[in-house]
Amino acid sequence: MGIGQVIRVRSEDQPWSYRIAGQARGAEWPTPAPNSYVFMFPLFNNPGMFVEHLQHITELGPRPSGSPANEILTVNYLLEQVQKMKEGGGAAHQITVDVQRPTGSFSIDFLGGFGSYYDNISNVVVKLEPKHGAKHAVLANCHFDSVANSPGASDDAVSCAVMLEVLNSLSHLSTPLHHAVIFLFNGAEENVLQASHGFITQHPWAKLIRAFINLEAAGVGGKELVFQTGPENPWLVQAYVRAAKHPFASVVGQEIFQSGVIPADTDFRIYRDFGNIPGIDLAFIENGYIYHTKYDTADRISLDSIQRAGDNILAVLQYLATSVELADSKAYRHGTMVFFDVLGLFVVAYPARIGAIINYLVAAAAIVYLAKKFSVSKGLGCNYLKDLLYAIGITVICWFTIFFTILIVAVFVSLIGQSMSWYTHFYVSIVFYGSIALIKLILIHTLAKNLFYGVMNLLLLAELYYDATLTIWCCVLLYFTHRDLCSAYVAGLWVAFPLLTRLLIGNKLKQNGSMVKPTAIYFLGLFVPYLLTMYLMWSAFEMFTPILGRSGTEIPPDIVLASIIAGCTIILTAYFVGLIYLCRSTKRTLLTLGSVFIAAAVLVCSGACFPYSSNPDSPHPKRVYLQHTTRTFRDLGGEIIKRDSGIWINAFDYTLMSHVTPHIPEINSTIRTSCENAPFCGFPWYLPVQNLIRKNWYLPASEVSPKTPVVFKLVSKQVMPWDSTKLIFEVTGPCHMTLYIRPHEGTSMVGWSFGDGDPMYSNEGEYFVFYSHGLQAAAWQFWLELQTPEPTPNGTVSVAIASHHLFGEDQWTAELTALERRFPEWTFPSSWVSTYDLFVF
């Protein structure tokens, strides 16, 4: 950073602002000699280089697209670093760099579906290739922009720093790569994946790409999880398996993410859907509590995390850039892969079609085992099948009872206002919900033992429940395999290993004519599935628990978490139910668990476990969005019929503002919003998340007057030959705006100028379009085509435009800053100025 550069800082007393950098830092950033390291930053001799990249980018402050910090300072820094690599690189490769400023639009079915338009946004594209050139390439993608009010160290400056050093390492290889490696530093991922779309649909180098690696974050540091691959192209998974030094991958995560349960998306979707390119999606998942907050700073990312990521990415890219498959990736595009890592040591991966065969063989072996027991028991005059069905019935009833009970408890906790007591103290949820699950499990089977079975041989009864569990897992395995779910391998583990152990040592079960207690068998047969399943559960809790703190106002997180804990309890205890029948008495165990549950219930219900924390070492903040907005509603004649101003408040979790109101009494139920008769209820949504966040507040405040106001006008109205009407509009304003469209009753929108021209609903009967531009852009023009059978006196369509001022002097007002300062330390209020203007045509 030299003299005369603009940097963005925010002190405790004033918002982010711009100033001129002098020599306060001392000497200029050190430039290491080209050969001072061989592989990567902390990997060998030079950890300082990575730290410099990360610190330099994050010290610029938040980097929303369109801001000078994003469009000028970060771009210039990246170009400077690439230029140094060009000057000091090896002789085997050449580096070409291009700054792309794409303009385009697309439609996406994320969050219900909406349109997106971008103009003059920034991409820094670097191509590393052999001196003689290359016909094919692998893409590495990161994004250097951030959300408003967050320095974005993990999301995604750290990935860009990693990519810079991977580029540097590859450029020094003495042996040339077979294929090119294209590094895309994209500058508008947080604008709903716009920059990646601009690259893959418009840049000439995109035609060379045969596969990609996307580097993302859902947390801050830790391991980077492979949570998406494909589509198909199993050779990509094999490449990761063979090359990654520190693997962390799960096909279960892939199927959960692609199911849409998690309200998030990455550039992976763009490359897959618009580029038809296969790839690998990686993300840091640890400590998601501070993801997209002011706490996402460089000092919170450990060098160990970066070393693992650097090792993996460099190795995988180098492998792909020398692979035969990359040159003709379409020839290898067949089927999917089952993959999972074993404690980070290695990855097990095999084609899904092979997995299906294995699963069916394992299920068949279990069926043969059970059938043999049935035939033997029939010969002895026993009714094994009837007893087995009774055991299965009692087991299923027990499981339903556990879920029913635990959900009642979770609903009660939510109703009394003590939801999310586990958010900072996660162990509380395990003790609270886990204990009640175990109580129900033990109680029901104890009652079954005493009241239903009576004097039945307890050893045979324990073995019967072992078989019942095996049967249930076998059914789950068959169902998952039939549905082509790769995660069926988990059920396969719970069938194969217990069954294998039982078959291998079954002949040794008897000593002196009596059966040995099956405790040893349980431990021997369950060690592998227990180990791998608990490892998977740990990963799931690591990712999902923080997500429940930003999942909106409509999803009770205690119900979700309690259900997950109930499921985990059932899975982990299923094969141990037989031990309940071998115990002489379960009273002491039930009393102990009951005492634990009561103690946990007192802590939770009394509010002793506060959900949030401002502990600087491990913050767990509550997320609140504040928008100081002025709303203007016009009628068909253009006359203003309503105008008001206020600070629009959105809480991103289920506790709403109950914990904030004691600190800021004005934010209470009296200022809860009501839905206006206007598109998206008359509020300036930044994304179409109104179905996730339906409860918000509107605190009256003075009008806002940003220096970059919105100017909206109808340019022309054309009657089309097929009896529809095309309305052409022009808009100027800040670099982030959102457009809302509501055709009136009897009117349908048959076309628009976004994406493929087919309008995509965001809300029932309403449409949403996200707009952004870089530093400068021409006026935004778009058109809507409407079909109206008959003229209507109240117009045919309502169109609203909202502005979002996410940086610079227009971002804050005195009232907004004053309100933000009143929020308690354990909150993270993200604030900006916005406007909402409604027009009727």
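What counts and what doesn't
All chains use their own residue numbering, which begins from 1 and follows the written sequence. Only residues with pLDDT of 70 or above have their local features reported here, since the model is predicted, and side-chain atom pairs are shown and tallied only from 80 upward, although totals for entire chains, interfaces and linings are computed over all residues. Excluded from the side-chain calculation are hydrogens and water; included are all heavy atoms of the structure. Put simply, DSSP H or I for four residues or longer makes a helix, DSSP E for two residues or longer makes a strand, and each gets a number counted from the N terminus. Think of a polar contact as two N or O atoms within 3.5 Å of one another; within protein, one of them needs to be a possible hydrogen donor and the other a possible acceptor, and neighboring residues in sequence only count if both atoms come from side chains. For this analysis, residues touch if any pair of their heavy atoms sits within 4.5 Å. Each pair of strands is called paired provided DSSP finds at least two bridges between the two strands. Helix axes are fitted only over the stretch in contact, all axes being lines through C-alpha atoms; the angle between N-to-C directions runs from 0 to 180 degrees. Here the term patch refers to residues with relative accessible area over 30% and no salt bridge, with like charges joined within 9 Å and nonpolar side chains (Val, Leu, Ile, Met, Phe, Trp, Tyr) within 5 Å. Areas reported here follow the Shrake-Rupley algorithm with a probe of radius 1.4 Å; residue values treat only the protein chains shown as occluding. The working definition used for a salt bridge is a side-chain nitrogen of Lys or Arg within 4 Å of a carboxyl oxygen of Asp or Glu. Should an angle fall under 35 degrees it is called roughly parallel, over 145 degrees roughly antiparallel, and 65 to 115 degrees roughly perpendicular, with every other angle called oblique. Handedness of a helix crossing follows the sense of rotation of the near helix relative to the far helix, less than a right angle counterclockwise being left-handed and clockwise being right-handed. Remark: exposure states derive from per-residue accessible area (1.4 Å probe, protein chains only) relative to the maximum for the residue type, with buried under 20%, exposed over 50%, and partly exposed in between. Each domain span listed reflects an automatic or database assignment of domains. What gets called buried area is simply the loss in accessible area from a 1.4 Å probe that two parts show on being joined, summed for both. Side-chain rings of Phe, Tyr and Trp (the six-membered ring for Trp) are treated as a pair once their centres are within 6.5 Å; stacked means planes under 30 degrees apart, edge-to-face means over 60, and tilted covers the remaining angles. A ring has a charge above it when a Lys NZ or an Arg CZ is no more than 6 Å from the ring centre and no more than 35 degrees off the ring normal. UniProt positions are given in the numbering used here, feature names are shortened, and annotations may be inferred rather than shown by experiment. Buried Ala, Val, Leu, Ile, Met, Phe, Trp, Tyr and Cys residues that are joined via side-chain atoms within 4.5 Å together make up what is termed a nonpolar core. Any two cysteine sulfur atoms lying within 2.5 Å of each other are counted as a disulfide.

Thoughts on the side chain of Asp265
Step number 1: Structurally, Asp265 can be placed in the loop between helix H6 (251-258) and helix H7 (267-273).
Step number 2: Of the polar contacts made by the side chain of Asp265, one reaches the side chain of Arg269; its length is 2.3 Å.
Step number 3: With residues near it in sequence (within four places) discarded, Asp265 still touches Phe110, Glu189, Leu193 and Phe257.

Looking at the sheet that holds strand E19 (residues 711-719)
Step number 1: The antiparallel open sheet is built from four strands, whose spatial order is E19-E20-E25-E22. Edge positions in the sheet fall to E19 and strand E22 (748-752), since each of these pairs with one other strand and no more. When the angles between neighbouring strand axes are averaged without regard to direction, this sheet yields 30 degrees.
Step number 2: Pairing geometry for strand E20 (residues 725-732) and strand E25 (residues 780-787), over seven bridges, is antiparallel. Within E25, the position partnered with Glu730 by the bridge is Gln781.

Some words on a nonpolar patch on the surface
Step number 1: Side chains of Leu343, Leu345, Phe346, Phe527 and Leu531 sit close together on the surface and give an oily, nonpolar patch of about 500 Å² of accessible area.
Step number 2: Mapping Leu343 onto the fold places it in the loop between strand E12 (337-342) and strand E13 (346-351).

Overview of the packing of helix H2 (residues 68-88) against helix H3 (residues 153-171)
Step number 1: Where H2 contacts H3, the axes come no closer than 10 Å and their chain directions differ by 15 degrees. Here H2 is positioned roughly parallel relative to H3, judged by the angle of their axes. Our pair here, H2 against H3, has a crossing hand that is right-handed. From H2, Tyr77, Leu78, Gln81, Val82 and Met85 reach across to H3, where they touch Leu164, Leu167 and Asn168.

Let's talk about the sheet that holds strand E11 (residues 279-284)
Step number 1: The mixed open sheet is built from seven strands, whose spatial order is E3-E6-E8-E7-E9-E11-E10. Looking at which strands have only one partner, the edges of the open sheet turn out to be strand E3 (93-100) and strand E10 (224-230). Across the sheet, the mean angle separating the axes of adjacent strands is 15 degrees when strand polarity is ignored.
Step number 2: When E10 meets E11, the two strands line up antiparallel, connected through six bridges. Each bridged residue has a counterpart across the sheet, and for Thr229 the counterpart in E11 is Ile280.
Step number 3: In this fold H2 packs onto E3, strand E6 (123-130) and strand E8 (180-186), with an angle of close to 165 degrees to the strand it touches most, E3.

What about H6?
Step number 1: When we look at burial in H6, the residues that qualify are Val251, Val252, Gln254 and Phe257.
Step number 2: Its side-chain oxygen placed 3.2 Å from the backbone nitrogen of Val252, Ser250 serves as the N-cap of H6.
Step number 3: One or two positions beyond H6, positive phi appears at Gly260, with a value near 90 degrees.

Digging into the pattern of salt bridges
Step number 1: A full pass over the atoms with the stated rule returns 21 salt bridges.
Step number 2: A salt bridge links Glu766 to Arg742; the nearest nitrogen and oxygen atoms lie 2.9 Å apart. Placement of the pair is Glu766 in strand E24 (residues 766-773) and Arg742 in strand E21 (residues 736-743), with a sequence separation of 24 residues.

Thoughts on the domain arrangement of the protein
Quite often, the size of an interface is put as the accessible area lost when its parts meet.
Step number 1: The domains assigned to the protein are domain 1 (52-329), domain 2 (354-606) and domain 3 (622-840).
Step number 2: One C-alpha centre belongs to domain 2, the other to domain 3, and the line joining them spans 49 Å.
Step number 3: The partner domain 3 presents 12 residues to the 12 residues of domain 2 that form the contact.
Step number 4: In total, domain 2 and domain 3 occlude about 1100 Å² of area from one another, counting both sides; carbon and sulfur atoms represent 57% of this.
Step number 5: Interface area lost by domain 2 to domain 3 is led by Arg550, Thr553 and Glu554, which between them contribute 48%.
Step number 6: The interface formed by domain 2 and domain 3 holds one salt bridge in total.
Step number 7: For Lys695, the salt bridge is made with Glu554, and the minimal N-O distance between the two is 3.0 Å.

Some thoughts on the side chain of Asp467
Step number 1: Residue placement: Asp467 occurs in helix H12 (residues 458-482).
Step number 2: Within the local environment of Asp467, its side chain forms a polar contact with the side chain of Lys373, the two groups lying 2.7 Å apart.
Step number 3: At 2.8 Å, the side chain of Asp467 forms a polar contact with the side chain of Tyr384.
Step number 4: When sequence neighbours within four positions are dropped, the list of residues in contact with Asp467 reads Tyr369, Leu370, Lys373, Tyr384 and Leu388.

Looking at the environment of Ala92
Step number 1: One can find Ala92 in the loop between H2 and E3.
Step number 2: The spacing of Ala92 and Phe404 is 312 residues in sequence and 65 Å in space, taken between C-alpha atoms.

What about the packing of aromatic side chains?
Step number 1: The tally for this structure, following the rule as stated, stands at 59 aromatic pairs.
Step number 2: When the centroid spacing of 6.1 Å and the interplanar angle of 85 degrees are considered together, the rings of Tyr453 and Tyr465 count as edge-to-face. Taken together, the residues span a long stretch of sequence, with Tyr453 in helix H11 (residues 426-453) and Tyr465 in helix H12 at a distance of 12 residues.
Step number 3: Taking the centre distance of 4.9 Å and the plane angle of 85 degrees together, the rings of Trp648 and Trp685 count as edge-to-face. Taken as a pair, Trp648 in strand E17 (residues 640-651) and Trp685 in the loop between E17 and strand E18 (696-700) lie far apart in primary sequence, 37 residues in all.
Step number 4: Residue Trp648 is classed as buried on the basis of its relative accessible area of 0%.
Step number 5: Residue Trp685 is classed as buried on the basis of its relative accessible area of 7%.
Step number 6: By way of ring pairs, the aromatic residues Tyr117, Phe712, Phe729, Trp752, Phe754, Tyr761, Tyr767, Tyr771, Trp780, Phe782, Phe839 and Phe841 are connected into one cluster.
Step number 7: Its end group placed over the ring of Trp783, Lys726 keeps NZ or CZ at 4.3 Å from the ring centre.

Things to note about the UniProt feature "domain: Peptidase M28" (unreviewed entry) in the protein
Step number 1: The UniProt feature table records "domain: Peptidase M28" (unreviewed entry) at residues 123-316.
Step number 2: For residues 123-316, the helix share is 35%, the strand share is 23%, and the end-to-end C-alpha distance is 23 Å.

Let's talk about the UniProt feature "domain: Endoplasmic reticulum metallopeptidase 1-like C-terminal" (unreviewed entry) in the protein
Step number 1: Per the UniProt annotation, the sites labelled "domain: Endoplasmic reticulum metallopeptidase 1-like C-terminal" (unreviewed entry) are residues 619-839.
Step number 2: Annotation note: span residues 619-839, helix share 4%, strand share 46%, distance between end C-alpha atoms 43 Å.

Quick word on the nonpolar core
Step number 1: Among the nonpolar cores identified, the biggest contains 170 residues, and Phe183 and Phe185 are the most heavily contacted of them.
Step number 2: The greatest single-element share of this core, amounting to 12 residues, is contributed by helix H10 (residues 384-415).
Step number 3: If sequence neighbours within four positions are ignored, Phe183 has contacts with Val124, Val125, Val126, Leu128, Ala140, Met163, Val166, Leu167, Leu170 and Leu317.
Step number 4: One finds Phe114, Ile270, Phe683 and Phe807 within the second-largest nonpolar core, a separate group that totals 51 residues.

Some details on the state of the cysteines
Step number 1: By the definition in use, this model includes two disulfides.
Step number 2: Disulfide partner of Cys142: Cys160, at an S-S distance of 2.3 Å. An S-S torsion of about 110 degrees defines the bridge between Cys142 and Cys160 as right-handed. Of this pair, Cys142 sits in strand E7 (residues 137-143) while Cys160 sits in helix H3, and the two are 18 residues apart along the sequence.
Step number 3: For Cys142, a relative accessible area of 0% puts it in the buried group.
Step number 4: Indicated for the protein is the disulfide connectivity 1-2, 3-4, based on numbering the bonded cysteines in sequence order.

Some details on the pairing of E7
Step number 1: Of all the seven residues making up E7, seven are buried; the element is thus mostly covered by neighbouring parts of the structure.
Step number 2: Of the two faces of E7, the one lined by Ala137, Leu139, Asn141 and His143 and the one lined by Val138, Ala140 and Cys142 are each fully buried.
Step number 3: The pairing of E7 with E8 spans seven bridges and is classified as parallel. Bridge pairing in E8 links Cys142 to Phe185.

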